[in-house]
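An overview of the molecular structure
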Amino acid sequence: MVVAARRATNMARFPSPTTASFLHRRGMAGGADHHGPPKVNFWEDPLSPAKWKEEHFVIVSLTGWGILGYSGYKFFTRGKDKNEEKVGASNKA
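Within the structure shown, the criterion is met by 4 aromatic pairs. Ring centres of Phe42 and Trp52 lie 6.0 Å apart, and the angle between their planes is 65°; this geometry places the pair in the edge-to-face category. With Phe42 in the loop between α2 (17-20) and α3 (54-76) and Trp52 in the loop between α2 and α3, the pair connects residues that are 10 residues apart, well separated along the chain. Using a relative accessible area of 10% as the deciding quantity, one classes Trp52 as buried. With centroids separated by 5.1 Å and ring planes inclined at 80°, the aromatic side chains of Phe75 and Phe76 adopt a geometry described as edge-to-face. For Phe75, a relative accessible area of 46% corresponds to the partly exposed category.

Turning our eyes to something else, we now look at the side chain of His56. Checked against the element boundaries, His56 lands in helix α3. Dropping the residues within four chain positions of it, His56 is found in contact with Asn41, Phe42 and Trp43.

What counts and how
- Residues numbered from 1 in each chain as written.
- Predicted model: local features only at pLDDT ≥ 70, side-chain atom pairs only at ≥ 80, totals over all residues.
- Heavy atoms only, no water.
- Phe/Tyr/Trp six-rings, centres within 6.5 Å; stacked < 30°, edge-to-face > 60°.
- Helix = DSSP H or I, 4+ residues; strand = E, 2+ residues; numbered from the N terminus.
- Buried < 20%, exposed > 50% of the residue type's maximum accessible area, 1.4 Å probe, protein only.
- Contact = heavy atoms within 4.5 Å.

Right, dumping it as structure tokens:
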């Protein structure tokens with residue numbers, strides 16, 4: 001009797017290979033588990049980057065760095081074309 005009870009508890013604890021395929025196990029996937037306040041889109045709360053979704057933070061950060069780099073390039077190279085045109089125009093006259 002004791003042996004039969006042990007077998008029953010072991011069968012309940014460890015499913016057989018045929019029933020194991022029907023069991024859904026998520027493992028380490030915890031995408032729905034929130035650990036803190038919910039994240040929002042950056043246009044919903046533009047002054048709080050800590051609340052933004054991670055991908056929105058990356059997009060806004062890379063866009064900001066791109067604009068900063070391009071504006072710096074334009075600022076430091078803005079006078080070179082004008083000086084060459086003035087020098088060339090004074091030689092022709």
